[in-house]
There are 2 protein chains.
Amino acid sequence: MAQKPNINRPTIVDVARLAGVSKSTVARALSQSSEVKKKTRDRVIKAADSVGYERNHLAHSLRSGRTGMLGLVIPDLANPFWAEVARGAQDRAMDEGVSLLVFSSDWNAEREAAHLRALRQARVDGALVNPVGDHIDELERFGMPVVLLGSSAPRFPDLPSVGSDINQGVRLGLDRLVALGHHAPALIVGSKGRLARTRFMRVVFDHCVDRDVDPQSLIVEEGEYTVQSGKKAMARILVKKTSEPMSVFVANDLMALGALLAVREAGLTCPNDVSILGFDGIQAGIFSDPGLSTVKKPARKIGEKGIRLLFDAIAGKASDKRIELACEMRNLGSLADISGTSPQHLTVVG
Amino acid sequence: MAQKPNINRPTIVDVARLAGVSKSTVARALSQSSEVKKKTRDRVIKAADSVGYERNHLAHSLRSGRTGMLGLVIPDLANPFWAEVARGAQDRAMDEGVSLLVFSSDWNAEREAAHLRALRQARVDGALVNPVGDHIDELERFGMPVVLLGSSAPRFPDLPSVGSDINQGVRLGLDRLVALGHHAPALIVGSKGRLARTRFMRVVFDHCVDRDVDPQSLIVEEGEYTVQSGKKAMARILVKKTSEPMSVFVANDLMALGALLAVREAGLTCPNDVSILGFDGIQAGIFSDPGLSTVKKPARKIGEKGIRLLFDAIAGKASDKRIELACEMRNLGSLADISGTSPQHLTVVG
DNA sequence: GCAGATTTTGGGAACGTTACCATTTTCTAT
DNA sequence: ATAGAAAATGGTAACGTTCCCAAAATCTGC
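Conventions we followed
Residues numbered from 1 in each chain as written. Chains lettered and ligands numbered in written order. Predicted model: local features only at pLDDT ≥ 70, side-chain atom pairs only at ≥ 80, totals over all residues. Heavy atoms only, no water. Helix = DSSP H or I, 4+ residues; strand = E, 2+ residues; numbered from the N terminus. Buried < 20%, exposed > 50% of the residue type's maximum accessible area, 1.4 Å probe, protein only. Contact = heavy atoms within 4.5 Å. Areas by Shrake-Rupley, 256 points an atom, 1.4 Å probe, with all protein chains shown as cover. Lys, Arg positive; Asp, Glu negative; His and termini not counted. Charge placed at Lys NZ, Arg CZ, Asp CG, Glu CD. Pairing = 2+ DSSP bridges. Axes fitted to C-alpha atoms, helices over the stretch in contact; angles between N-to-C directions. Near = heavy atom within 4 Å. Phe/Tyr/Trp six-rings, centres within 6.5 Å; stacked < 30°, edge-to-face > 60°. Lys NZ or Arg CZ within 6 Å of the ring centre and 35° of its normal. Least-squares fit on C-alpha atoms with pLDDT ≥ 70 in both. Salt bridge = Lys/Arg side-chain N within 4 Å of Asp/Glu carboxyl O. Polar contact = N/O pair within 3.5 Å; in protein donor to acceptor, adjacent residues only side chain to side chain. Nonpolar A, V, L, I, M, F, W, Y, C, P; charged D, E, K, R; others polar. Buried area = accessible area lost by both parts, 1.4 Å probe. Arc of directions from axis to C-beta.

Visitor: Go over the overall build of chain A, please, and point to the residues and values.
Guide: If you tally the helices and strands in chain A, you get 13 helices and 12 strands. Looking at the 350 residues of chain A, the share that counts as buried comes to 54%. Considering only contacts in chain A between residues 6 or more positions apart, those separated by 24 or more positions represent 70%. In the form shown here, chain A has an accessible surface area of approximately 15000 Å², with 49% of it arising from carbon and sulfur atoms. Looking at charge distribution, chain A has the averaged site of its 46 positive side-chain charges lying 10 Å from that of its 40 negative ones.

The structure is reproduced here in structure tokens:
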């Protein structure tokens, strides 16, 4: 194919010719903050408008070293929680006049690496990443400003990050469970190798110990953060545990909703037979039957704050900030109050 | 600030020096399909690896006229339906090795225009757009390959498009309603000025006429495609219409779920008092109480096919294709069967 | 009206790549 | 061996912008 770069789009030289000035002057006139005579600037702008000039962002970026593009790498755009985070990032990016390259990694380390490579080659100004695995070096020598998304910050001590306050969120959830009489909930967590899993479990265990509950006594099942896997995990729990009423604390809302389906399919009802507590705060939980009680993470704010931090990192200031935003409890119908009944399910250490 | 383009990232010249060849040769060796001696190619690749060379995509794009980036402009990334479409587009884009710039327009024509401008300046190879308003010219003189997303194709006869088959989908829904004895459902549609609204209404009306139902007799309320607005719209309907049982056909699932909430708040139950039929097929509808019966659009496929069409358009072939993908009925619990009761609610024309 | 300071402008060179053309090297057949 | 073709390589000019430095124009105060 013959050469066909830019099908006749007017360039700065065309504008210069029309306005009767040099291209340098046009460049200056068009980039607001330079010293150009008012009169010439007007002339240039008029000329630019008349030919429909639009700055070639590629050339601009190549020369200036700034692309005005940021990368966003999240596990799954179709997951409402991450979609919400992405939306927050988008909004903030739009305010700043930058564009977002968005990728889904599907919790797959290889894909994540490929996306990061693509971002580096596109020479984005920085990236917002929820890291999948613990290929730490990959990220640390990423070679451009990064801000981490989510709770994986501890693994990357040198990088700024923004996520929800897992510690506070989990406590919020456990306190609620305890208040309703559930002292040793079963857990459905992410699968091994996922950073968020470890964090969630450790915090739950710590808080159990605080309340003299033996973490070892808790039933723990794994899922892939999807509805289907949550459903299966719940089914496995129902096989193991026969004593009712019981409760389950699920590490994300999609799995929690899946668990709800499993309970329903087993001929049981929530919350009478099984109480379910989610973690995320996605909208779908509001409509479920019963409504999903959950610990709501400030998803959109995470995205917004992430972009803000990223801008700081790009500007070179305060590059090691770590932000944890508070979660809120959303109480709907999926938790039963069994505080009145005999505490036969209470597992006490010592 | 001093000049700081590319903080010492190795370029093609560095590789050339190291490999002892000219930069032209490096360029050729690295772009697979050219005539280079096997031996030199290996040497070049080794040199490139050893310095950690990564092609500068900006320079490449500037020179070649291809950016390997596509634009995606949808109304709202936080809306599960559109997130799903975006995910489909992402997957397909990844297969082709291109990146996606993703924007949300919030059904705001000005924002949409701003996003389109950004895409043009970024010199993306093409764009996938769900157009908000009918500022037709804006899109037609967009100046680069575009594929439309959604049902607005009729307004832009010259552009290729991919969406769901509204005609078939609406018929699917209405047939189901009729089968259950609902002959004249109320409607909750998008607000004026939104392209999808007109399309949806016209098709509903046409099918009503086919069945000798007077379209004028239908209650029609407006919403903004959000849960809240759907809830309010349903509340307005409940004030107007007192005869039970009744049914409502809602133009998107989020509003339908909102309607569900309104019914619940009014002290009524779905489907006993009010039957609700949605349109979209988002996951949240599966968990609601009752499950939302809805006409499911093939969201992910729309995104995938959209990218495929866009590639065709970029390659210059078959630029006027219009694709409408079939919808499916998802039957859950939100529709009551009243076909046995007396047809007092049936409005017959003539 | 003029020297000197100050704006304002123009002319390149660069950013890192690819495309073209000329040149060199290698291969093939005599 | 050698002419001629074919393959491989090098040199240089783009792509469209910004940045630097020098040149020109304008503005000061006397």
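Visitor: A description of the sheet that holds strand β10 (residues 293–296) of chain A should follow, citing residues and the corresponding values.
Guide: Residues and elements named next belong to chain A. One open sheet holds the six strands; their spatial order is β7-β6-β8-β9-β10-β12, and the pairing between them is mixed. Only two strands of the sheet have a single neighbouring strand rather than two, namely β7 (220–223) and β12 (328–330). Direction aside, the axes of adjacent strands within the sheet are offset by 20 degrees on average. Here four bridges tie strand β8 (residues 246–250) to strand β9 (residues 274–280), and the two strands are oriented parallel to one another. By the bridge assignment for β9, Val248 is matched with Ile276. Each of β6 (186–190), β7, β8, β9 and β10 is contacted by helix α11 (residues 253–265), which is oriented at about 160 degrees to β9, the strand it contacts most.

Visitor: Tell me about the protein's contact with DNA strand C, residues and numbers included.
Guide: Around DNA strand C, 25 residues are found, and the nearest of them are A:Ser22, A:Thr25, B:Ile12, B:Tyr53 and B:Arg63. Each atom of DNA strand C within 4 Å of the protein was classed as base or backbone; sugar and phosphate made up 59%. For the surface near DNA strand C, the secondary-structure elements that each account for two or more residues are α2 (23–30) and α4 (57–64) of chain A together with α2 (23–30) and α4 (57–64) of chain B.

Visitor: Can you explain the packing of aromatic side chains? Please cite residues and give values.
Guide: On inspection of all chains with the given rule, the structure shows 10 aromatic pairs over all chains. Ring centres of A:Trp107 and A:Tyr225 lie 5.4 Å apart, and the angle between their planes is 35 degrees; on these two criteria the pair is classed as tilted. With A:Trp107 in the loop between β2 (99–104) and α6 (109–121) and A:Tyr225 in the loop between β7 and α10 (227–240), this pair connects stretches of sequence that are 118 residues apart. In this structure, A:Trp107 and A:Tyr225 share a single accessibility class: buried. Ring centres of B:Phe200 and B:Phe279 lie 5.5 Å apart, and the angle between their planes is 85 degrees; this geometry places the pair in the edge-to-face category. Note that B:Phe200 is positioned in helix α9 (residues 195–210) and B:Phe279 in strand β9 (residues 274–280), a separation of 79 residues in sequence. In this pair, the class of B:Phe200 matches that of B:Phe279, namely buried. The rings of A:Phe200, A:Phe249 and A:Phe279 are connected pair by pair, giving a single aromatic cluster. Between the NZ or CZ atom of A:Lys297 and the centre of the ring of A:Phe81, over which it lies, the distance is 4.8 Å.

Visitor: If you had to explain the relation of the copies chain A and chain B to someone new, which residues and values would you point to?
Guide: For the pair chain A and chain B, the best superposition has an RMSD of 0.0 Å and corresponds to a rotation of 180 degrees with a translation of 0.0 Å parallel to the axis. One copy is carried onto the other by what is essentially a two-fold rotation axis. Comparing interface residues between copies, 100% of those in chain A also lie at the interface in chain B; the contact surface is shared.

Visitor: Describe the pattern of salt bridges, with residues and values.
Guide: Going through the model one piece at a time under the given rule, you end up with 40 salt bridges over all chains. Of the charged contacts, one joins A:Lys38 and A:Asp42 as a salt bridge, the two residues approaching to 3.0 Å between their closest N and O atoms. In this pair, A:Lys38 and A:Asp42 both sit in helix α3 (residues 38–51), four residues apart, roughly one turn of the helix. Under the relative-accessibility criterion, A:Lys38 is labelled exposed at 59%. One salt bridge in this structure joins B:Arg199 and B:Glu324, with 3.2 Å as the shortest N-O distance. Of the two residues, B:Arg199 sits in helix α9 while B:Glu324 sits in strand β11 (residues 322–325), which places them 125 residues apart along the sequence.

Visitor: Could you give an account of the sheet that holds strand β10 (residues 293–296) of chain B, naming the residues involved and the relevant values?
Guide: Pairing between the strands of a sheet comes from backbone hydrogen bonds, and it takes one of two forms, parallel or antiparallel. Residues and elements named next belong to chain B. Reading across from one edge, β7-β6-β8-β9-β10-β12 is the order of the six strands in this open sheet, with mixed pairing throughout. A single partner strand is all that each edge strand has here, and the edge strands are β7 (220–223) and β12 (328–330). On average, each strand axis in the sheet is tilted by 20 degrees relative to the strand beside it, whichever way the strands run. Sitting on the sheet, α9 touches β6 (186–190), β7, β8 (246–250) and β9, and the angle it makes with β6 is about 155 degrees. Sheet strands touched by helix α10 (residues 227–240): β6, β7, β8 and β9. Its angle to β7, the strand with the most contacts, is close to 160 degrees.

Visitor: Which residues make up the protein's contact with DNA strand D, and what are the values?
Guide: Taken together, 25 residues form the shell around DNA strand D, and within it A:Ile12, A:Tyr53, A:Arg63, B:Ser22 and B:Thr25 come nearest. Here a base oxygen of DNA strand D sits 2.9 Å away from a polar atom, N or O, in the side chain of B:Ser24. Taken together, the elements giving at least two residues each to the surface near DNA strand D come down to α2 and α4 of chain A together with α2 and α4 of chain B. Along the lines of polarity and charge, the residues of the surface near DNA strand D split into seven nonpolar, nine polar and nine charged.

Visitor: A description of the interface of chain A and chain B should follow, citing residues and the corresponding values.
Guide: Counting residues at the interface gives 56 residues for chain A, matched by 56 residues for chain B. Across the chain A to chain B interface the summed buried area is about 4900 Å²; carbon plus sulfur atoms make up 56%. Summed over the three residues of chain A that lose the most area to chain B, namely A:Leu58, A:Arg123 and A:Phe287, the buried surface amounts to 16% of that side. At the boundary of chain A and chain B, one finds six salt bridges. Among the salt bridges present, the one from A:Asp106 reaches B:Arg87, with a minimum N-O distance of 2.4 Å. One can count 20 residue pairs in polar contact (both at pLDDT 80 or more) joining chain A with chain B. Across the side of chain A that touches chain B, the residue classes break down as 24 nonpolar, 15 polar and 17 charged.

Visitor: Would you mind going over the environment of A:Arg87 in detail, with residue names and values included?
Guide: Positionally, A:Arg87 belongs in helix α5 (residues 80–96). What makes A:Arg87 buried here is its relative accessible area of 2%. For A:Arg87, the side chain forms a polar contact with the side chain of B:Asp76, separated by 2.7 Å. Side chain to side chain, A:Arg87 and B:Ser104 meet in a polar contact 3.4 Å long.

Visitor: Could you give an account of α2(A), with specific residues and numbers?
Guide: Listed in full, the buried residues belonging to α2(A) are A:Thr25, A:Val26 and A:Ala29. The arc that holds every buried residue of α2(A), seen down its axis, measures 100 degrees, which confines them to one face.

Visitor: Talk me through the pairing of strand β4 (residues 146–149) of chain B; I want residue IDs and the actual numbers.
Guide: All names here are of chain B. Burial along β4 is two-sided: Val146 and Leu148 facing one way and Val147 and Leu149 facing the other are all buried. The pairing of strand β3 (residues 126–129) with β4 spans three bridges and is parallel. Each bridged residue has a counterpart across the sheet, and for Val129 the counterpart in β4 is Leu148. Sheet topology places β4 next to strand β5 (residues 161–164); two bridges connect them, and they run parallel. When the bridges of β5 are listed, Leu149 appears paired with Val162.

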